[in-house]
Amino acid sequence: MATIGLRGVSKVFSGGSIALAQVDLDVADGELMVLVGPSGCGKSTLLRIIAGLEEPTAGTLYLDDEDATNFTPQQRQVAMVFQSFALYPHMTAADNIGFPLRVSGLPPEQRHELVVESATALGVHELLERWPKQMSGGQRQRVAMGRALVRDPRILLLDEPLSNLDSGLRSELRAEISSTVRSSGITTVYVTHDQTEALTLADRIAVMRGGSIEDVGTPGRVYDRPATIFVAAFLGTPRINLFEAWVWNTVDSHVSLRIGEQTIALPWQDPRARQLAHYHGERIIVGVRAEALVSLAEPLADCTIRGRVRYLEHHGHESLAFVDIGAAGIEIDLAPPPRTPPATKLKQLRQRPVTTMRGVWKRITGTQPAEPEDESDSELPAATAGRHQKRSSGLVMRLPPSVEVSAGNTLNIGVRRELLHFFDLRGDRIDAGFR
Ligand SMILES: Nc1ncnc2c1ncn2[C@@H]1O[C@H](COP(=O)(O)OP(=O)(O)OP(=O)(O)O)[C@@H](O)[C@H]1O
Ligand SMILES: [Mg+2]
């Protein structure tokens with residue numbers, strides 16, 4: 001049994017850099033928790049605080065419900081594998097794996113037995129007499145895992161353990177790590193900035209940004225119901241389409257969402273319509289993933305938008321169509337991360353009315369929000385930075401290879417309304433109570 005609890009954990013480095021701002025997180029016994037977020041968001045710092053390699057500025061760490069904030073790394077019984085998984089170059093694989101056992105004074109015979117057992121489980125038993133320089137990156141990584149697991153730690157911490165490997169080996173080792181960790185039942189915290197790795201590996205994901213956790217949940221939950229616009233944009237490929245929409249209630253019929261010059265209607269029977277109704281006459285952000293869009297031969301009333309294909313990207317099994325729908329998509333700049341004020345200040349900011357949130361909006365999107373009163377211009381300017389500049393041209397959707405479409409064609413795009421996401425101008429999910 002090993003659980004981890006973090007309560008109000010903050011870390012301010014000398015010089016004032018805020019790495020963590022009041023982080024709360026629980027990891028259940030035997031759970032594989034993945035911390036994911038852009039570079040500099042505080043993932044490694046959080047892991048190092050759990051390991052006892054870094055001291056929190058404020059807050060408490062619980063291990064098995066016991067206050068372990070002041071425990072030494074040894075008392076915590078955690079094992080950590082780092083990104084560089086540095087093996088001792090002057091030791092064979094066997095000696096590397098057995099090193100923690102030697103330090104703890106285990107006799108050579110018992111040591112050998114455990115080393116062979118651990119190496120066999122990780123498929124490196126035939127390499128035990130090799131030196132690190134005689135092994136491939138993947139083999140070295142397995143040996144490093146063996147060294148971490150051989151002591152039977154109660155918690156395993158992995159900091160980007162696959163980032164030095166090529167993509168084929170990454171997915172192979174990812175599957176191996178997943179099965180090793182799950183069969184051992186060890187409570188594990190795994191850090192990555194790769195959202196695919198996070199979604200495929202985790203029991204639960206904690207999405208971090210600027211020293212805070214924005215959302216925690218199963219991969220399915222955070223993907224399907226992201227708590228914030230940032231989480232929605234961080235998870236999933238191609239990236240979620242985000243558009244500003246103007247909300248208008250038609251009593252007893254539907255709620256209209258006007259995107260550019262086009263309208264999607266949400267009938268009153270949809271429970272989310274009641275929550276959106278509170279935004280009558282205001283602007284919100286609508287998120288729509290590529291899988292919620294389908295090309296239709298004929299438009300369907302209330303849930304079809306029209307667009308002109310600007311260009312296509314062929315991926316063999318499917319094509320991505322970049323479509324102009326007469327409204328600029330909103331780009332979330334995911335990297336580099338913003339400087340974050342302390343959580344208390346953030347909280348105060350979040351409580352302010354929407355009309356005074358322009359600064360926060362800018363922080364979230366890297367853009368200036370449009371004036372709510374100014375209905376003539378419903379488009380937000382595209383963000384200035386980010387890796388997906390193309391998206392500012394409009395909407396991206398998947399097309400099966402059988403659909404014959406060329407640049408310049410006009411599409412009727414059916415929108416699966418049940419898969420739409422709604423965010424307020426602060427970037428928080430609107431339909432939080434739904435489902
Ligand atoms: N020793 C330090 N002194 C000062 N600032 C630090 C120190 N270590 C980390 N930081 C800062 O704290 C923030 C969080 O760093 P951290 O290493 O935890 O990020 P990360 O999410 O692991 O990023 P990456 O994905 O690049 O590894 C960063 O802004 C970083 O510059
Ligand atoms: Mg790191």
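First things first, this report covers the structure right here in the doc.

Conventions adopted
- Residues numbered from 1 in each chain as written.
- Chains lettered and ligands numbered in written order.
- Predicted model: local features only at pLDDT ≥ 70, side-chain atom pairs only at ≥ 80, totals over all residues.
- Heavy atoms only, no water.
- Helix = DSSP H or I, 4+ residues; strand = E, 2+ residues; numbered from the N terminus.
- Buried < 20%, exposed > 50% of the residue type's maximum accessible area, 1.4 Å probe, protein only.
- Contact = heavy atoms within 4.5 Å.
- Areas by Shrake-Rupley, 256 points an atom, 1.4 Å probe, with all protein chains shown as cover.
- Expected span 1.5 Å × (residues − 1).
- Near = heavy atom within 4 Å.
- Polar contact = N/O pair within 3.5 Å; in protein donor to acceptor, adjacent residues only side chain to side chain.
- Pairing = 2+ DSSP bridges.
- Axes fitted to C-alpha atoms, helices over the stretch in contact; angles between N-to-C directions.
- Core = buried A, V, L, I, M, F, W, Y, C linked by side-chain atoms within 4.5 Å.
- Domains from an automatic or database assignment.
- Phe/Tyr/Trp six-rings, centres within 6.5 Å; stacked < 30°, edge-to-face > 60°.
- Lys NZ or Arg CZ within 6 Å of the ring centre and 35° of its normal.

Some details on the overall build of the protein
Here is step 1 of the chain: Check the secondary structure of the protein and you find twelve helices and 20 strands.
Here is step 2 of the chain: Expressed as a percentage of the 435 residues in the protein, the buried residues total 52%.
Here is step 3 of the chain: Contacts in the protein between residues far apart in sequence, at least 24 positions, make up 70% of those at least 6 positions apart.
Here is step 4 of the chain: Roughly 19,400 Å² of accessible area belongs to the protein as shown, and the carbon and sulfur atoms make up 50% of that amount.

Observations concerning helix α5 (residues 137-149)
Here is step 1 of the chain: The terminal C-alpha atoms of α5 lie 18 Å apart, and with 13 residues this matches the ideal 18 Å at 1.5 Å per residue to within 8%.
Here is step 2 of the chain: Within α5, ten of the 13 residues are buried, which leaves the element mostly enclosed by the surrounding structure.
Here is step 3 of the chain: The complete set of buried residues in α5 reads Gly-138, Gln-141, Arg-142, Val-143, Ala-144, Met-145, Gly-146, Arg-147, Ala-148 and Leu-149.
Here is step 4 of the chain: Close packing links the buried residues of α5 with β6 (78-81), α3 (93-103), α4 (108-121), β7 (155-159) and α6 (167-184).

Focus on the site of ligand 1
Here is step 1 of the chain: Neighbouring ligand 1 are 13 residues; Ser-39, Gly-40, Lys-43, Ser-44 and Thr-45 lie closest to it.
Here is step 2 of the chain: At a separation of 3.0 Å, an oxygen atom of ligand 1 approaches a polar backbone atom of Gly-42.
Here is step 3 of the chain: Contacts to ligand 1 include Ser-44, whose side-chain N or O atom sits 2.8 Å from an oxygen atom.
Here is step 4 of the chain: Contact with the protein chains covers 62% of the free accessible surface of ligand 1, which is 630 Å².
Here is step 5 of the chain: Among the elements that make up the shell around ligand 1, the one with the highest residue count is helix α1 (residues 43-51) (three residues).

Describing the sheet that holds strand β5 (residues 66-67)
Here is step 1 of the chain: As summarised here, the arrangement of the four strands in space is β2-β1-β4-β5, forming an open sheet in which the pairing is antiparallel. Of all the strands in the sheet, the pair left with one neighbour each is β2 (18-27) and β5.
Here is step 2 of the chain: Packing against the sheet, α1 makes contact with β1 (4-12), β2 and β4 (58-63), and its axis sits at approximately 120° to β1.

Some words on the nonpolar core
Here is step 1 of the chain: The biggest cluster of nonpolar side chains holds 54 residues, and the ones touching the most others in it are Met-145, Leu-156, Tyr-190, Val-207, Leu-242 and Ile-332.
Here is step 2 of the chain: Top element by residues in this core is helix α9 (residues 229-234). It accounts for six residues.
Here is step 3 of the chain: Both of domain 1 (4-227) and domain 2 (241-423) provide at least three residues apiece to this core.
Here is step 4 of the chain: Ranked by size, the runner-up nonpolar core spans 34 residues in total, among them Leu-276, Ala-277, Ala-327 and Phe-422.

With respect to α4
Along an α-helix, a turn takes 3.6 residues, which lines up residues three or four apart on a common side.
Here is step 1 of the chain: With 14 residues, α4 extends 20 Å between its outermost C-alpha atoms, agreeing within 8% with the 20 Å of an ideal straight helix rising 1.5 Å per residue.
Here is step 2 of the chain: Looking at the packing, one finds that the buried side of α4 touches α3 and α5.
Here is step 3 of the chain: Once α4 finishes, Gly-123 follows within two positions and takes phi at roughly 70°, a positive value.

Observations regarding the packing of aromatic side chains
Here is step 1 of the chain: All told, the structure shown has four aromatic pairs when counted by the stated rule.
Here is step 2 of the chain: Arranged with centres 4.6 Å apart and planes meeting at 15°, the rings of Tyr-311 and Phe-322 form a pair that is stacked. Highlighted residues: Tyr-311 in strand β16 (residues 304-314) and Phe-322 in strand β17 (residues 319-324), separated in sequence by eleven residues.
Here is step 3 of the chain: Residue classification places Phe-322 among the buried residues on the basis of a relative accessible area of 5%.
Here is step 4 of the chain: The ring centre of Tyr-223 lies 3.9 Å from the NZ or CZ of Arg-289, which sits over that ring.

A look at the environment of Leu-53
Here is step 1 of the chain: By secondary structure assignment, the location of Leu-53 is in the loop between α1 and β4.
Here is step 2 of the chain: For Leu-53, a relative accessible area of 40% translates into the label partly exposed.
Here is step 3 of the chain: In this structure, the C-alpha to C-alpha distance between Leu-53 and Thr-72, residues 19 residues apart in sequence, is 8.6 Å.
Here is step 4 of the chain: Setting aside anything within four residues of it in sequence, one finds Leu-53 in contact with Arg-48, Met-80 and Phe-82.

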